[in-house]
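Observations on the three-dimensional arrangement
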Amino acid sequence: MLDNNKVLSALYEVPDPKSGSNIIDTDRVRNLRVKDNTVYFELIVSNLDTGVRAELNFACQNAVKTIYPDADVHIHMTVDKTEATTLRPIPHIKNIVAVASGKGGVGKSTITANLARAFKSMGLRVGILDADLYGPSMPIMFGMEGQRPEIQKVMGKPKIVPLETDEGIHLMSIGFVVEPDQAVVLRGPRLSGVIKQFVNETLWPELDILVVDLPPGTGDIQLTLVQTVPVTGALLVTTPQQVAIADALKAANMFRLKNINVPMLGVIENMSWFSPAETPDRRYYIFGQGGGQKLAESVETEVLGQVPLVIEIRESGDQVVKIDANWYTEDGYFGVLAKNTLKTLERRNQELRPTQIVQVNN
Ligand SMILES: Nc1ncnc2c1ncn2[C@@H]1O[C@H](COP(=O)(O)OP(=O)(O)OP(=O)(O)O)[C@@H](O)[C@H]1O
Ligand SMILES: [Mg+2]
């Protein structure tokens, strides 16, 4: 007598040709049944090339035969367009958090890098997807310029292996693939092709959080992202300035569009004040005050943290500069930010259903 669960465990060992995860977690296997000496299941292969379909079929047969050499394995390959969209593209990444803003230069990349560091020091498994294809910042911020990711084959298809920072953050950026002065040449369809590649053709390890650094505004990259992965939630970065807020509201409204529907996790106010080294208790509100709070109210969310203007942060944007380790502890600016972000993520995951990938009607 064949055991259903044993067959399932065997199929767990078969890598998903798209994500490198396994075919059970990506939900490719449906209606698994065993009867007498026969194993039957459906295999969803809609988003795979013919060659890969054949290999996957073979891999499944082999997996079952390793535990039941004499079993009859009937695999029904299903090609159904609607099924392709219900496959989970990266099930081994628990949360995907997009860092967005209206205006450029408000500190998205700075927040992304340091939030990721704070998550990492809390013991979480963290990745960063640098989706700013026009001006990738991550290779510089982590001192990894000029490095190239390795390519690994899964079922004959080449996959990108993300690089790892000194802290152990898994990182993928266009900056690792093309020279900095060429990135800007990518447009429209090619932009979305790269985003898709960074998701579907990249071997992300199991992660608690993947932080996505976006370019400013509401362009092709934002749209491609929500069409490619289920974005768990978005963080809005703003300075306290009024113009920054008006633009941030537009960016927030894109995520809140009914057919996009990515929950707002909260607002991060950056460059909130400056305190001179000689008078650390004195705060100068260079860009005004209360802007983050106002933005949060307009989009019915909360301020998750404020980050002051600090010279070390600015320097860390241009080269690798170690920011005071205290900033990442529980009471530090980035530590608090990470803690509050996790709290709102947890609440979001309890109260709301998983985000759906946005469907495009052709
Ligand atoms: N809190 C801060 N204190 C000092 N400098 C900061 C702070 N936050 C950001 N900066 C600096 O401001 C500049 C812009 O920051 P950053 O690149 O993170 O913004 P961005 O929103 O990602 O920009 P873009 O829209 O171009 O991607 C950088 O030089 C960065 O080092
Ligand atoms: Mg940036």
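Worth saying up front: this structure is predicted, and the values here are computed from it rather than measured.

All chains considered together, the criterion is met by twelve salt bridges. Residue Lys157 is joined to Asp49 by a salt bridge in which the shortest nitrogen-to-oxygen separation is 2.7 Å. Of this pair, Lys157 sits in strand E7 (residues 157-161) while Asp49 sits in the loop between strand E2 (38-44) and helix H2 (50-67), and the two are 108 residues apart along the sequence. Asp49 sits in the partly exposed class, given a relative accessible area of 44%. Counted as one network, the salt bridges with shared partners bring together Lys94, Arg125, Glu206 and Asp208.

Moving on, we get to the site of ligand 1. Neighbouring ligand 1 are 18 residues, the closest being Lys108, Ser109, Thr110, Asn270 and Pro308. Between ligand 1 and Asn270 there is a distance of 2.9 Å, counted from a nitrogen atom to a side-chain nitrogen or oxygen. The backbone of Arg314 places a nitrogen or oxygen atom 3.3 Å from an oxygen atom of ligand 1. Contact with the protein chains removes 81% of the 630 Å² of surface that ligand 1 exposes when unbound. When residues of the shell around ligand 1 are traced back to their parent elements, those giving at least two are helix H4 (108-121), strand E12 (264-274), strand E13 (303-309) and helix H10 (311-318).

Its domain assignment divides the protein chain into domain 1 (4-86) and domain 2 (93-351). Computed over C-alpha atoms only, the centres of domain 1 and domain 2 are separated by 36 Å. In total, about 740 Å² of surface goes out of reach between domain 1 and domain 2, with carbon and sulfur atoms giving 58% of it. Looking only at domain 1, the three residues that lose the most surface to domain 2 are Pro17, Lys18 and Glu55, adding up to 49% of its buried area. In this structure, the connection of domain 1 to domain 2 is made through two salt bridges. The interface formed by domain 1 and domain 2 includes three residue pairs in polar contact (both at pLDDT 80 or more). Each residue belonging to the side of domain 1 that touches domain 2 can be placed in one class, and the counts come to six nonpolar, two polar and four charged.

Attention shifts here to the sheet that holds E2. Read from one edge of the open sheet, three strands run E1-E2-E3, paired in mixed fashion. Strand pairing shows two members of the sheet lacking a second neighbour, strand E1 (29-35) and strand E3 (72-78), which therefore form its edges. Here the average twist between neighbouring strands, direction ignored, is 10°. In this structure, E2 lies alongside E3, joined through seven bridges in parallel fashion. Residue pairing for E3: Glu42 is matched across the bridge by His76. With respect to the sheet, helix H1 (residues 4-12) is in contact with E1 and E2, its orientation differing from that of E1 by roughly 140°.

Moving on, we come to the packing of helix H6 (residues 188-200) against helix H7 (residues 220-228). Two quantities define a packed helix pair, namely the angle between the helix axes and the distance between the axes. Axis separation between H6 and H7 bottoms out at 9 Å; the angle between their running directions is 40°. Judged on the interaxial angle alone, H7 and H6 are oblique. When you trace H6 past H7, the crossing you get is right-handed. Contact residues: Gly188, Leu191, Ser192, Ile195, Lys196, Val199 and Asn200 in H6; Asp220, Ile221, Thr224, Leu225 and Thr228 in H7.

With that settled, the discussion passes to the nonpolar core. Counting residues in hydrophobic clusters, the biggest one holds 42 residues, and the most contacted among them are Leu129, Leu133, Phe198, Leu214, Leu225, Leu236 and Phe255. Counting residues per element, this core draws most heavily on helix H8 (residues 242-256), at six residues. Once you skip the residues sitting within four places of it in the chain, Leu225 turns out to touch Ala98, Leu129, Ile195, Val212, Leu214 and Val231. Core analysis: the second largest hydrophobic core is formed by 36 residues, Ile209, Val237, Leu337 and Leu345 among them.

With that out of the way, let us pick up the sheet that holds E13. Within the open sheet, the eight strands sit side by side as E8-E9-E5-E10-E4-E11-E12-E13. Their pairing is mixed. A single partner strand is all that each edge strand has here, and the edge strands are strand E8 (163-164) and E13. Here strand E11 (residues 233-238) pairs with E12 via five bridges, running parallel. Looking across to E12, one finds that Thr238 is bridged to Glu269. Across the sheet, helix H11 (residues 333-351) is in contact with strand E4 (93-100), strand E10 (207-213), E11, E12 and E13; its angle to E13 comes to roughly 160°.

Each value, and the rule that gives it
- Residues numbered from 1 in each chain as written.
- Chains lettered and ligands numbered in written order.
- Predicted model: local features only at pLDDT ≥ 70, side-chain atom pairs only at ≥ 80, totals over all residues.
- Heavy atoms only, no water.
- Salt bridge = Lys/Arg side-chain N within 4 Å of Asp/Glu carboxyl O.
- Helix = DSSP H or I, 4+ residues; strand = E, 2+ residues; numbered from the N terminus.
- Buried < 20%, exposed > 50% of the residue type's maximum accessible area, 1.4 Å probe, protein only.
- Near = heavy atom within 4 Å.
- Polar contact = N/O pair within 3.5 Å; in protein donor to acceptor, adjacent residues only side chain to side chain.
- Areas by Shrake-Rupley, 256 points an atom, 1.4 Å probe, with all protein chains shown as cover.
- Domains from an automatic or database assignment.
- Buried area = accessible area lost by both parts, 1.4 Å probe.
- Nonpolar A, V, L, I, M, F, W, Y, C, P; charged D, E, K, R; others polar.
- Pairing = 2+ DSSP bridges.
- Axes fitted to C-alpha atoms, helices over the stretch in contact; angles between N-to-C directions.
- Contact = heavy atoms within 4.5 Å.
- Parallel < 35°, antiparallel > 145°, perpendicular 65-115°, else oblique.
- Left-handed = near helix turned anticlockwise from the far one by under 90°.
- Core = buried A, V, L, I, M, F, W, Y, C linked by side-chain atoms within 4.5 Å.

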